[in-house]
Amino acid sequence: MAAHVQDQLLNCIDLLLDAVFLVDADGRVKYVNAACERIFGYTPDELIGCKLIDLVLPEERARTLEEAARIMAGQPRVGFVNRYRHKDGRPVHIMWSARWSEADQLRIGVARDVTAQQRSEAMQAATYAVSEAAHDAVDLDTLFPTIHAIIAQLVPVAGLVVATCNGEPEALHFPYGRDHRGQPLVVDEALAHRHCKDVIAARRGLLLPGAALAPTQGGADAGGFWLVVPLVDQTAPIGAVMLKAPADTQYSDKDRELLGFVSAQVATAIERSRLKAELLRAARYDELTGLPNRRLFHDRIDTALARSRRKHGRVALLYIDIDDFKAVNDRLGHDAGDLLLQEIARRLERCVRKADTVARLGSDEFVVILEDIHGPDDATAVADKIHHSLLQPTAIAGHALNTQASIGIALHPCDGDDADSLIRHADQRMYRRKARN
Ligand SMILES: Nc1nc2c(ncn2[C@@H]2O[C@H](COP(=O)(O)OP(=O)(O)OP(=O)(O)O)[C@@H](O)[C@H]2O)c(=O)[nH]1
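Residues numbered from 1 in each chain as written. Predicted model: local features only at pLDDT ≥ 70, side-chain atom pairs only at ≥ 80, totals over all residues. Heavy atoms only, no water.

Things to note about the overall build of the protein
Logical step 1: In terms of helices and strands, the protein carries 13 helices and 16 strands.
Logical step 2: Counting contacts in the protein only where the partners sit at least 6 residues apart, residues at least 24 apart contribute 54% of the total.
Logical step 3: Per element, the accessible surface of the protein, about 23,100 Å² overall, is 52% carbon and sulfur. (Helix = DSSP H or I, 4+ residues; strand = E, 2+ residues; numbered from the N terminus. Contact = heavy atoms within 4.5 Å. Areas by Shrake-Rupley, 256 points an atom, 1.4 Å probe, with all protein chains shown as cover.)

Overview of the nonpolar core
Logical step 1: One finds Ile 151, Leu 243, Tyr 251 and Ile 270 to be the most contacted residues of the largest nonpolar core, which totals 33 residues.
Logical step 2: For Tyr 251, the contacting residues outside a window of four places in its chain are Val 155, Pro 156, Val 157, Phe 225, Leu 227, Leu 243, Lys 244, Ala 245, Arg 256 and Leu 259.
Logical step 3: Leu 318, Ile 322, Leu 348 and Val 368 belong to the second-largest nonpolar core, a separate cluster that totals 31 residues. (Core = buried A, V, L, I, M, F, W, Y, C linked by side-chain atoms within 4.5 Å. Buried < 20%, exposed > 50% of the residue type's maximum accessible area, 1.4 Å probe, protein only.)

A closer look at the site of the ligand
Logical step 1: Within the structure, the ligand sits among 16 residues, and Ile 322, Phe 325, Lys 326, Asp 338 and Asp 364 are positioned closest to it.
Logical step 2: Within the backbone of Lys 326, one N or O atom sits 2.7 Å away from an oxygen atom of the ligand.
Logical step 3: The separation between an oxygen atom of the ligand and a polar side-chain atom of Arg 360 is 2.9 Å.
Logical step 4: Alone, the ligand offers 660 Å² of accessible surface; in the complex the protein occludes 66% of this.
Logical step 5: When residues of the shell around the ligand are traced back to their parent elements, those giving at least two are β11 (315–322), α10 (325–332) and α11 (334–350).
Logical step 6: Of all the elements, α11 adds the most residues to the shell around the ligand, at four residues.
Logical step 7: Class assignment of the residues belonging to the shell around the ligand gives a composition of four nonpolar, four polar and eight charged. (Near = heavy atom within 4 Å. Polar contact = N/O pair within 3.5 Å; in protein donor to acceptor, adjacent residues only side chain to side chain. Nonpolar A, V, L, I, M, F, W, Y, C, P; charged D, E, K, R; others polar.)

Section: the sheet that holds strand β4 (residues 91–101)
Logical step 1: As summarised here, the arrangement of the five strands in space is β2-β1-β5-β4-β3, forming an open sheet in which the pairing is antiparallel. Strands at the two margins of the open sheet, each flanked by one partner only, are β2 (29–32) and β3 (77–85). Strand-to-strand twist of the sheet, defined as the mean angle between neighbouring strand axes without regard to direction, takes the value 30 degrees.
Logical step 2: Bridge count between β3 and β4: eight bridges; the pairing is antiparallel. In the sheet register, Arg 83 faces β4, and the bridge partner there is His 93. (Pairing = 2+ DSSP bridges. Axes fitted to C-alpha atoms, helices over the stretch in contact; angles between N-to-C directions.)

Examining the pattern of salt bridges
Logical step 1: Counting across every chain of the model gives 25 salt bridges.
Logical step 2: When the shortest N-O distance is used, the salt bridge between Arg 77 and Glu 67 registers 2.9 Å. Taken as a pair, Arg 77 in strand β3 and Glu 67 in helix α4 (residues 61–72) lie far apart in primary sequence, 10 residues in all.
Logical step 3: Taking relative accessible area as the criterion, Arg 77 reaches 33% and is therefore assigned partly exposed. (Salt bridge = Lys/Arg side-chain N within 4 Å of Asp/Glu carboxyl O.)

Some remarks on the confidence of the model for the protein
Logical step 1: For the protein, per-residue confidence averages 91 on the pLDDT scale, and residues scoring 70 or more make up 98% of the total.
Logical step 2: The least confident element of the protein, judged by mean pLDDT, is helix α1 (residues 3–15) at 83; the most confident is strand β13 (residues 365–370) at 98.
Logical step 3: The ipTM, which scores confidence in the relative placement of chains, is 0.93 for this predicted complex, and the corresponding pTM is 0.63. (pLDDT = per-residue confidence, 0-100.)

Describing helix α6 (residues 140–154)
Helical geometry: 3.6 residues make up each α-helical turn, so side chains three or four residues apart lie on a common side.
Logical step 1: Here α6 spans 21 Å end to end across 15 residues, near enough to the 21 Å set by a 1.5 Å rise per residue.
Logical step 2: At the N-terminal end of α6, a side-chain oxygen is found 3.2 Å from the backbone nitrogen of Asp 141, two or three residues along, and the residue is Asp 139. (Expected span 1.5 Å × (residues − 1).)

Examining the pairing of strand β16 (residues 405–412)
For a regular strand, the rule is simple: side chains alternate between the two faces of the sheet.
Logical step 1: Among the eight residues that make up β16, eight are buried, leaving the element largely enclosed by the rest of the structure.
Logical step 2: Residues Ala 405, Ile 407, Ile 409 and Leu 411 of β16 are buried on one face, and the alternating residues Ser 406, Gly 408, Ala 410 and His 412, pointing to the opposite face, are buried as well.

Topic: the sheet that holds strand β12 (residues 357–362)
Sheet strands pair via backbone hydrogen bonds, and the direction of the pair is either parallel or antiparallel.
Logical step 1: A sheet is described by the order of its strands in space; here four strands give the open sequence β12-β13-β11-β16, paired in antiparallel fashion. Of all the strands in the sheet, the pair left with one neighbour each is β12 and β16. Within this sheet the neighbouring strands show an average axis-to-axis angle of 20 degrees, counted without direction.
Logical step 2: As judged from the six bridges shared by β11 and β13, these two strands associate in the antiparallel manner. The residue of β13 that forms the bridge with Leu 318 is Val 368.

Topic: the packing of helix α5 (residues 115–136) against helix α8 (residues 253–284)
Logical step 1: For the pair α5 and α8, the least separation of the axes is 9 Å and the interaxial angle reads 15 degrees. What the angle tells us is that α5 and α8 run roughly parallel. The way α5 lies across α8 gives a crossing that is right-handed. Between α5 and α8, the contacting residues are Arg 119, Met 123, Ala 126, Thr 127, Val 130, Ser 131, Ala 134, His 135 and Asp 136 on the first element and Lys 254, Asp 255, Leu 258, Phe 261, Val 262, Gln 265, Val 266, Ala 269, Arg 272, Ser 273 and Lys 276 on the second. (Parallel < 35°, antiparallel > 145°, perpendicular 65-115°, else oblique. Left-handed = near helix turned anticlockwise from the far one by under 90°.)

Quick notes on the side chain of Asp 24
Logical step 1: You can see Asp 24 is positioned in strand β1 (residues 19–24).
Logical step 2: We note that Asp 24 is buried and unpaired, the nearest opposite charge coming from Lys 30 at a distance of 4.1 Å.
Logical step 3: Within the local environment of Asp 24, its side chain forms a polar contact with the backbone nitrogen of Asp 26, the two atoms lying 2.9 Å apart. (Lys, Arg positive; Asp, Glu negative; His and termini not counted.)

Digging into the packing of aromatic side chains
Logical step 1: Applying the stated criterion across every chain, the model contains six aromatic pairs.
Logical step 2: Their ring planes at 55 degrees and their centres at 5.6 Å tell us that Phe 21 and Trp 96 sit as a pair that is tilted. Within this pair, whereas Phe 21 is found in strand β1, its partner Trp 96 is found in strand β4, the two being separated by 75 residues in sequence.
Logical step 3: The class for Phe 21 is buried, based on a relative accessible area of 0%.
Logical step 4: Overall, Trp 96 belongs to the buried group, its relative accessible area being 9%.
Logical step 5: Each member of the aromatic cluster is reached from another via a ring pair, and the members are Phe 21, Phe 40, Tyr 84 and Trp 96. (Phe/Tyr/Trp six-rings, centres within 6.5 Å; stacked < 30°, edge-to-face > 60°.)

See below:
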């Protein structure tokens, strides 16, 4: 080829947007065009003679060497993607088209910078993953670790802390804090509270030195740095996420932009999960007393009976109706009646073990499920305890109220094998008591 044609060809190659490499069998760069400076930050003169593998991120070197060996064995390849360290420190995603020239004993590779494309794919994948997590998570406790894992796919994360508030940044709390191994990550909550409030008010992220949130005694180590990002759904503040970056990492402006975008999705996911949990709770718990409602009571009794059948155990059902409750409403008002019902609920809970169930069926009717009892005497003892507890005066609206209750008891298996027959028996016995009271 004439020398001037060769020069023109090299000029053309320098105009290419992709970097063209010639690399020898030892992996040393023999030639690279001008595009390498735009992609990797190094001029051709700086790269020629260097080992290309030294620029590859350490965690990707093994698979990159395997790929190079395959190409040198005669398998051309289009589409291998790996990551390099740019001269300014940031990672660059490269897609390769490469083959081996046996005659020249050189690897010919064309490197395309696909960082922006990878970032937008990562953003899409994260958006999809966050919305899927919000859909699948039964509650916030299961949502937070999933969000932690999704963010860790986007940027290096040594730990993550979530702060949430119900629209009121003064009332922030910290339901999640874990390091990259899933171990608890402790921060100074008073300091974290202050920084979270600031980022929520400013609606912008904040970088803090690693020591900024460390508690005085142990907890989060002081290396690296923190990025605190507000969580805002539509316009309502949901809280903030605090990302701990590993000691040798910098988040670029692009990373921060990406985290800002993902945090908006996270805020929506948290809000959606919270609403779902609230709906679920409202469907299963009584709003006034916080006790399980009729629906959850039926689930619990069915489960208790199934367990009892399996273990040949005994279950007692106590049906409790408050005597003359209407008079409290009539005399002191409905609000006073509500307070009394709440106090009755707390006292009933204190009369049983944690594993037992106290439920409100409605109005002034309650039930108690006692599991693993030895016989009727245990159930009678709990009923006596309840009578005694309710009789203790309750101060409401300036009055000391003594509450009397009628209690009917049914036992599994002697009074029936299913929930309906036990409820029927207990209810009838409660009415017979009431007639006597
Ligand atoms: N404050 C308040 N009252 C309620 C609530 N639900 C039902 N009630 C009232 O509870 C009262 C229950 O009345 P009754 O079923 O006649 O019961 P009682 O007055 O205890 O009569 P006996 O059961 O025969 O002793 C009614 O006045 C209802 O309006 C509630 O959530 N809050």
